[in-house]
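Chain by chain, the residues:
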Amino acid sequence: LDFVKGEDQALRFNFTMIDPDDHDRLFSFSLVHSHETDNYVVEECNPELEPVVVIRLLDDLNEEIDFAAFIRGMRKAFKDSIR
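Computed from a prediction, not measured in an experiment: that's the story for all the values here.

K.L.:
What exactly am I supposed to notice about helix α1 (residues 51-64) here?
P.N.:
In an α-helix there are 3.6 residues to a turn, and that puts residues three or four apart on one side. Along its 14 residues, α1 runs 20 Å from first to last C-alpha, staying within 8% of the 20 Å computed at 1.5 Å per residue. Three or more residues of α1 are buried, namely V54, L57, L58 and L61. End-on view of α1: buried residues confined to an arc of 100°, all on one side of the axis. Exposed side of α1, more than 90 degrees from the buried face: V52, E63 and E64 are the residues found there. Those residues of α1 hidden inside the fold are in contact with β3 (27-34), β4 (39-46) and α2 (67-81). Positive phi appears at I65, one or two residues downstream of α1, with a value of about 50°.

K.L.:
Please explain the pattern of salt bridges as it appears in this structure.
P.N.:
Side chains carrying opposite charge are able to pair once their charged atoms draw close together. If you walk through the whole model with that rule in mind, you get three salt bridges. We note a salt bridge from R12 to E44, for which the minimum N-O separation is 3.4 Å. Remark: E44 occurs in strand β4 and R12 occurs in strand β2 (residues 11-15); sequence separation between them is 32 residues. On the accessibility criterion, R12 (26% relative accessible area) is partly exposed. In this structure, R25 engages D19 in a salt bridge whose closest nitrogen and oxygen atoms are separated by 3.1 Å. Judged by relative accessible area, D19 falls into the buried class, the value being 11%.

K.L.:
Any chance you could explain the nonpolar core here in plain terms?
P.N.:
Here is a general trend for soluble globular proteins: nonpolar side chains tend to be buried in one another's company. Core analysis: the largest hydrophobic core is formed by 18 residues, its most contacted members being F15, F29, L31, V42, F70, M74 and F78. Of all the secondary-structure elements, those providing two or more residues to this core are β2, β3, β4, α1 and α2. The leading source of residues in this core is α2, at five residues. Residues contacting F29, with those up to four places away along its chain left out, are L11, R12, F13, F15, V42, E43, E44, C45, F70, M74 and F78.

K.L.:
Is there a simple way to think about the side chain of S34 in this case?
P.N.:
As for its placement among the helices and strands, S34 is situated in strand β3. Judged by relative accessible area, S34 falls into the buried class, the value being 17%. At 3.2 Å, the side chain of S34 forms a polar contact with the side chain of T37.

Reading guide: rules and limits
- Residues numbered from 1 in each chain as written.
- Predicted model: local features only at pLDDT ≥ 70, side-chain atom pairs only at ≥ 80, totals over all residues.
- Heavy atoms only, no water.
- Helix = DSSP H or I, 4+ residues; strand = E, 2+ residues; numbered from the N terminus.
- Expected span 1.5 Å × (residues − 1).
- Buried < 20%, exposed > 50% of the residue type's maximum accessible area, 1.4 Å probe, protein only.
- Arc of directions from axis to C-beta.
- Contact = heavy atoms within 4.5 Å.
- Salt bridge = Lys/Arg side-chain N within 4 Å of Asp/Glu carboxyl O.
- Core = buried A, V, L, I, M, F, W, Y, C linked by side-chain atoms within 4.5 Å.
- Polar contact = N/O pair within 3.5 Å; in protein donor to acceptor, adjacent residues only side chain to side chain.

Geometric values such as these leave the question of function open.
What follows is the structure, given as structure tokens:
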């Protein structure tokens, strides 16, 4: 896992070691705080995940503000997406 500050205060999270057939394959997403809604939103998710999964994780993040749990959840979602 590494993360980089992007445009508009976005944080880009990059994961490797998820795909057992290609450990260097990159899985990533950008997390942005919306000042309009005072919530976090995911942008630029690659590969795309099922919207319902991301929405559930974001709902939990916006209620609990537990970044560690959110990042673990996104990693698990990426891992589940390759099965």
